[in-house]
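Overview (structure and organization)
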Amino acid sequence: MIIKPRTRGFICTTSHPVGCAAQVQEQIDYLKSQPELKGPRNVLVIGASTGYGLASRVVSAFGAGANTVGIYRPSSSTEKRTASAGWYNSAAFEKAAEEAGLKSYSVTGDAFANETRDKAVELIRSELGQVDLVVYSVASARRTDPNTGEVFNSVLKPIGQSYTNKTVNFHTGEISSVTLEPANEEEIRQTVTVMGGDDWELWMDALQQGGVLADDATTIAFSYIGPELTHAIYRDGSIGQAKNHLEATAHKLNDRLSAKGGRAYLTVAKALVTQSSSAIPVVPLYISALYKVMKEKGLHEGCIEQLQRLFADRLYAGGEVPTDAEGRIRIDDWEMRADVQEEVAKLWNELTTENIYDLSDLEGYRREFFQLFGFETDGVDYEADVDPNVEMPHLVN
């Protein structure tokens, strides 16, 4: 099969196995170029197939030599369609981990389901004993309550009043104005239920009750704050309410785990091109301006650089973990530097459809979007006939 990108809005419905494997190898090569980490021994990553979850798994394995278990949705190929990028990423990771002599396992299923948790606990018990790092990196628009069966849906809306600002079609470069109507109380409640900390806490409960969580275990989840420019749609919007709940959950879990030497943190990361961020109006245009500024200043990081810095300079640097006044780990510190934000704000006011490619890195944004699905990767022949069927070396489903 010759695989080409097919897009529908902010998603790509195809993915390229060779391109995905090449990008995973790039992340591994980056870790190998860095000093060895004194990090975790056995790691569970919930939401492990893309973005920060995948990077967490790569850093754990190839930076610290850890064994890993990844949780993600199943999505193997058929005769008529490719597998997901997450499937190809995970297969490439597991093959590389096996070649490096590291244990790695994939548990596929709905991360919100009790059945998936049960399978993960049993696997950890039989193959690893216990885990000492749990990374929660689940991004989903919908969640089914594992006990009641009720389905909840999240929304991307402001709170209190409508919000109008610039946005961009990153496929065409056209800048337009977008107005978002405010979320009602029920929409806010459902968004918090989907994207807040409830599921993270259920996972930690299951691991503790199953006896597979080490006493000195660390757990982290990811969040974003961003500049005033995006607060109405993000930090002060429906998603922000969910992130507040996630933050409160981090404090709750930290209080529980610290009694035996464990710890829990909310990690605030920088704005990056992800499938989730591509769906949020205003954000792709902001990221395009941010990338231009940070690349010019030599400050730009992708997921793998962010996570390597998180492990090396924060979680496993030795001594007390540096946090902000609210107890959050900040690896968005370079994004939020005053000089960076001042230049981004200046560009934002000047951006138009006519000058967007000059004043922003929209081309870089667009390229990274397609790279999420294995396309536009250097060294890959996209005219070659490839087999979309890629087996997972150590799959539990």
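The coordinates are above.
Residues numbered from 1 in each chain as written. Predicted model: local features only at pLDDT ≥ 70, side-chain atom pairs only at ≥ 80, totals over all residues. Heavy atoms only, no water.

1. Remarks on the overall build of the chain
Here is the rule: Only DSSP runs of H or I reaching four residues or more are called helices, and only runs of E reaching two or more are called strands; each is numbered from the N terminus. Two things to know: the radius of gyration comes from C-alpha atoms, and the globule rule equals 2.2 Å times the number of residues to the power 0.38. Partly exposed residues are those whose accessible area sits between 20% and 50% of the maximum for their type, while under 20% is buried and over 50% is exposed, using a 1.4 Å probe and protein chains only. Should any heavy atoms of two residues lie within 4.5 Å, those residues are considered in contact.
Helix and strand content of the chain: 14 helices and 14 strands. In terms of overall size, the chain behaves like a compact globule, its C-alpha atoms giving a radius of gyration of 20 Å where 397 residues would be expected to give roughly 21 Å. With the principal axes as the frame, the chain shows a C-alpha extent of 60 × 50 × 45 Å. Classification of the 397 residues of the chain by burial places 56% in the buried group. A sequence separation of at least 24 residues applies to 77% of the contacts in the chain between residues at least 6 apart.

2. A short note on the sheet that holds strand β13 (residues 329–330)
Using the following cut-off: One requirement defines pairing of two strands: DSSP has to find at least two bridges between them. Think of each axis as a best-fit line through the C-alpha atoms, taken over the contacting stretch in the case of a helix, with angles from 0 to 180 degrees between the N-to-C directions.
Read from one edge of the open sheet, 8 strands run β13-β12-β11-β6-β3-β4-β5-β14, paired in parallel fashion. The sheet is open, and its two edges are formed by β13 and β14 (395–396), each paired on a single side. The strands that helix α8 (residues 238–257) touches are β11 (213–223) and β12 (263–268); relative to β12, the one it contacts most, it runs at about 155°.

3. Observations concerning unusual backbone geometry
Phi angles above zero are rare outside glycine, and Val282 is one such case at about 80°. With respect to the element layout, Val282 can be found in the loop between α9 (275–278) and α10 (283–296).

4. Considering the pattern of salt bridges
So the rule is basically this: Here a salt bridge means any side-chain nitrogen of Lys or Arg lying within 4 Å of a carboxyl oxygen belonging to Asp or Glu.
Here the structure, examined in full by the defined rule, presents 31 salt bridges. The partner of Glu247 in a salt bridge is Arg328, with the nearest N and O atoms 3.2 Å apart. On the criterion of sequence distance, the pair formed by Glu247 in helix α8 and Arg328 in the loop between α11 (303–315) and β13 is long-range, its members being 81 residues apart. Exposure remark for Glu247: the relative accessible area of 11% places this residue in the buried category. Among the ionic pairs, Glu326 bridges to Arg328, the shortest N-O distance being 3.1 Å. Salt bridges sharing common partners tie together Arg235, Glu247, Asp324, Glu326, Arg328, Arg330 and Asp332.

5. A few points about the packing of α10 against helix α14 (residues 362–371)
Just so we agree on the cut-off: We call two directions roughly parallel when the angle between them is under 35 degrees, roughly antiparallel when it is over 145, roughly perpendicular when it lies between 65 and 115, and oblique otherwise. Take the far helix as the reference: if the near one is turned anticlockwise from it by less than a right angle, the crossing is left-handed, and if turned clockwise, right-handed. In the scheme used here, Gly and all other residues not listed as nonpolar or charged are polar, with Ala, Val, Leu, Ile, Met, Phe, Trp, Tyr, Cys and Pro taken as nonpolar and Asp, Glu, Lys and Arg as charged.
α14 packs onto α10 with a crossing angle of 110° between their chain directions and a minimal axis gap of 8 Å. With respect to each other, α10 and α14 are oriented roughly perpendicular. Handedness of the crossing formed by α10 with α14: right-handed. Note on element contacts: α14 touches α10 through Leu362, Gly364, Tyr365 and Glu368, opposite Pro284, Ile287, Ser288, Tyr291 and Lys295. Residue composition of the contact of α10 with α14, grouped by class: 5 nonpolar, 2 polar and 2 charged.

6. Re helix α2 (residues 51–64)
For clarity, the threshold we go by: By this rule, a helix spans an expected 1.5 Å times one less than how many residues it contains.
Over its 14 residues, α2 runs 19 Å from end to end, which matches the ideal 20 Å to within 8%, given 1.5 Å per residue. By the criterion of burial, α2 is predominantly enclosed, with 13 of the 14 residues buried.

7. Focus: the layout of surface pockets
The condition that has to hold: A pocket, in this scheme, is an open set of points on a 1 Å grid over the protein atoms alone with protein on both sides within 12 Å along at least 5 of 7 lines, while a cavity is a set where a 1.4 Å probe fits but cannot get out; residues line either one if an atom lies within 4 Å of a point. Grid points are joined across faces, edges and corners, and a volume is the space filled by probe spheres set on the points.
One number sums up the size of the second largest pocket: a volume of about 150 Å³. Lining the second largest pocket are Met1, Ile2, Ile3, Lys4, Arg6, Thr13, Thr14, Lys80, Arg81 and Thr82.

8. What about the pairing of β12?
In terms of burial, β12 is largely enclosed, as 6 of its 6 residues are buried. In the sheet, β11 pairs with β12 via 6 bridges, with the strands oriented parallel. Residue pairing for β12: Thr219 is matched across the bridge by Ala264. One ladder, built from 2 bridges, connects β12 with β13; its direction is parallel. If you follow Thr267 over to β13, its bridge partner there is Ile329.

9. Section: the packing of helix α1 (residues 17–32) against α2
Across the interface, α1 lies against α2 with an axial gap of 9 Å and an inter-helix angle of 45°. With respect to α2, the element α1 is oriented oblique. Considering the relative orientation of α1 and α2, their crossing is right-handed. Each of Val24, Gln27, Ile28, Leu31 and Lys32 in α1 lies in contact with α2, whose residues at this interface are Leu54, Ala55, Val58, Val59, Phe62 and Gly63.

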